[in-house]
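Spelled out, the chains give:
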Amino acid sequence: MIIGVPKEIKNNENRVSLTPAGAAEMIKYGHTVYVQHTAGMGSGFEDKEFEAAGATILPTIEEVYKIAEMIIKVKEPIESEYALIREGQLVYTYFHFASCEPLTHAMIKQKGVCLAYETVELDDRSLPLLVPMSEVAGRMSIQEGAKYLEKLFGGRGVLMGGVAGVPPAKVLVIGGGIVGTEAAKMAAGLGADVTIMDVNLKRLRYLDDVMPANVKTMMSNEYNIRHMVQSHDVIVGAVLIPGAVAPNLVTKDMLPTMQKGTVLVDVAIDQGGCIETTYPTTHDNPVFEIDGVIHYSVANMPGAVPRTSTLALTNATLPYAIKLANKGWKTACKEDPALKLGLNIVDGQVVYQGVSEAFDLPYCDVDKVLV
Ligand SMILES: NC(=O)C1=CN([C@@H]2O[C@H](COP(=O)(O)OP(=O)(O)OC[C@H]3O[C@@H](n4cnc5c(N)ncnc54)[C@H](O)[C@@H]3O)[C@@H](O)[C@H]2O)C=CC1
Ligand SMILES: CC(=O)C(=O)O
C-alpha cells in the first residue's frame, strides 16, 4: 500500500504520525512510504532519518495526499486539508467528530474512509489509541494547573504542595479514567490535597485502593460537584463518553461561587468539554478568564511535548497501521472488532452512533460498508 505522512498543521502541533522506525517497519512489509518535508522535525526526526529508513520525502502536503492510499495523521484534518482527501482514501488519525460539525460534513462530502483513533475500542471497553495521549495530557494537566495557579499567570498564587505550616493546594479531578488517574497521581506527587470523582463506583473502589493517602474519591453528581468547586484551586475536567459530546458538568452558574484565581483545565475539550464555559484554545493562547476564573482548554495538549508524545502515540498506532496496510481496511476491520469500532465515516455515510446522534445525521450500520 502507498502510505502518506503529512506534516501536522494545527497550531503548535509538532507530533508526527510515523517515526523513522515505523517507516522502516512498513517498508519491511512491502509498503511504500511518502513523508512530507520536515514532517518529523518538531519531534526531533529529520528527513534524512526517514530517507535512511527507506521513505521518500515529498515537498508539499498536496503531493502527499495525491499519491497516498492511506494517510496516517495525528490531529483531525483542518479546513485547508478537507479538499485534499479523496474518495476511498483511508485517513487514520484522531477526528473527534462529535465536537466539530464542519469537519463531519466535510468528511461526508469527501467520501474518504475515516478511521478515528479515539473510538478504536477493545472488548474491555479500553481505548488503546487514546490511552497514551490521555496519559500525557493527564500528567500535563497538573503541570499547567500549577503554572496558571501562580499569581503571575492570574491564579490564586497557591503552591501545589504548600510548605510546613501552610496547607497544600486543593485539586479536584472530575473523571477517574486514564486522564483523571494520571492527573491525580501527579497532583498527589506534588503534595496537593486531591479528590477524584467518577460515576463508576467500581472505578472509584479501584482508585481508592491504589492511590496514595492524599487522594480521596467521591461520587460524581451535580450536587457534589457544585459543592466541591467552591473550595478547590485546580479543577481538571477528564470525563469521556466514547465518541459522544462530553456532558457539561461544571456549569456557568458555578463560576461566581468559585474562589478568584481558580484554574479550570478542561482536558475533555476535544470532545466538546465538560466545563460549560470552555471553548478550544491553542498553545499560542492557551487560557482565558471569566468571572476571575482561569480556563485552560487546549485541544491538543500532547502537542506541547512532541518528542514524548510521538513516541508514545506511535507505539500504539503502528501495529494497527500495519494491519490496515497489510490487509486493506475492509479485511482488517472485519477481522478485528476493535479496529471496526474506529470507523466513523465511510464513503459519505456516518457509521458511528455517537457522531450520528451529535448532529442528527442518518446512521448506517457499519457492517453494510464492510461487504
Ligand atoms: N485535550 C487534549 O489534548 C486531550 C484530551 N483527551 C480527552 O480527555 C478525555 C478523557 O479521556 P480518558 O481519560 O482517556 O477517558 P476514559 O474513558 O479513560 O475516562 C473517562 C472517565 O470519565 C468517567 N465519566 C463519565 N461520565 C462521568 C461523569 N458524569 N462524571 C464523572 N466521571 C464521568 C468514566 O466513568 C471514565 O472513568 C477524553 O475526552 C479524551 O479525548 C485525551 C488526550 C489529550
Ligand atoms: C487525544 C488527542 O486528540 C490528542 O492527543 O491531541
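Residues numbered from 1 in each chain as written. Chains lettered and ligands numbered in written order. Predicted model: local features only at pLDDT ≥ 70, side-chain atom pairs only at ≥ 80, totals over all residues. Heavy atoms only, no water.

Going by the annotation in an unreviewed UniProt entry, the name recorded for the chain is Alanine dehydrogenase, with Halosquirtibacter laminarini given as the source organism.

J.: For the side chain of Ser141, give the residues involved together with the corresponding values.
T.: Looking at the secondary structure, you find Ser141 in helix H6 (residues 131-148). Taking relative accessible area as the criterion, Ser141 reaches 0% and is therefore assigned buried. Only 2.6 Å separates the side chain of Ser141 from the backbone oxygen of Gly138, close enough to count as a polar contact. Discounting chain neighbours no more than four positions away, the residues touching Ser141 are Ala183, Val236, Val265, Val267 and Met301. (Helix = DSSP H or I, 4+ residues; strand = E, 2+ residues; numbered from the N terminus. Buried < 20%, exposed > 50% of the residue type's maximum accessible area, 1.4 Å probe, protein only. Polar contact = N/O pair within 3.5 Å; in protein donor to acceptor, adjacent residues only side chain to side chain. Contact = heavy atoms within 4.5 Å.)

J.: Would you mind going over helix H7 (residues 178-189) in detail, with residue names and values included?
T.: Spanning 12 residues, H7 covers 17 Å between terminal C-alpha atoms, matching the ideal 16 Å at 1.5 Å per step. Every buried residue belonging to H7 is among Val179, Gly180, Thr181, Glu182, Ala183, Ala184, Ala187 and Ala188, and all of these are buried. (Expected span 1.5 Å × (residues − 1).)

J.: Outline the site of ligand 1, listing residues and values.
T.: Inspection of the region around ligand 1 gives 27 residues, with Ser134, Asp198, Ser220, Asp270 and Met301 positioned closest. In this structure, a nitrogen atom belonging to ligand 1 sits 3.1 Å away from a main-chain N or O atom of Val298. Ala299 has a polar backbone atom sitting 3.3 Å from an oxygen atom of ligand 1. Of all the secondary structure elements, the ones that give two or more residues to the shell around ligand 1 are H6 and H7. For the shell around ligand 1, the element with the highest residue contribution is H6, accounting for 3 residues. Along the lines of polarity and charge, the residues of the shell around ligand 1 split into 16 nonpolar, 9 polar and 2 charged. (Near = heavy atom within 4 Å. Nonpolar A, V, L, I, M, F, W, Y, C, P; charged D, E, K, R; others polar.)

J.: Tell me about the packing of aromatic side chains, residues and numbers included.
T.: Inspection of the entire model under this criterion finds 6 aromatic pairs. Judged by centre distance (4.6 Å) and plane angle (10 degrees), the ring pair of Phe95 and Phe97 falls under stacked. When sorted by exposure, Phe95 lands in the same class as Phe97, which is buried. Ring centres 5.4 Å apart and planes at 70 degrees place the aromatic pair Tyr148 and Phe153 in the edge-to-face group. Three or more aromatic residues joined by ring pairs form one cluster here, namely Tyr92, Tyr94 and Tyr117. Against the face of Phe153 rests Lys147, its NZ or CZ located 5.9 Å from the ring centre. Lying over the aromatic face of Phe45, Arg307 brings its terminal NZ or CZ to 4.5 Å of the ring centre. (Phe/Tyr/Trp six-rings, centres within 6.5 Å; stacked < 30°, edge-to-face > 60°. Lys NZ or Arg CZ within 6 Å of the ring centre and 35° of its normal.)

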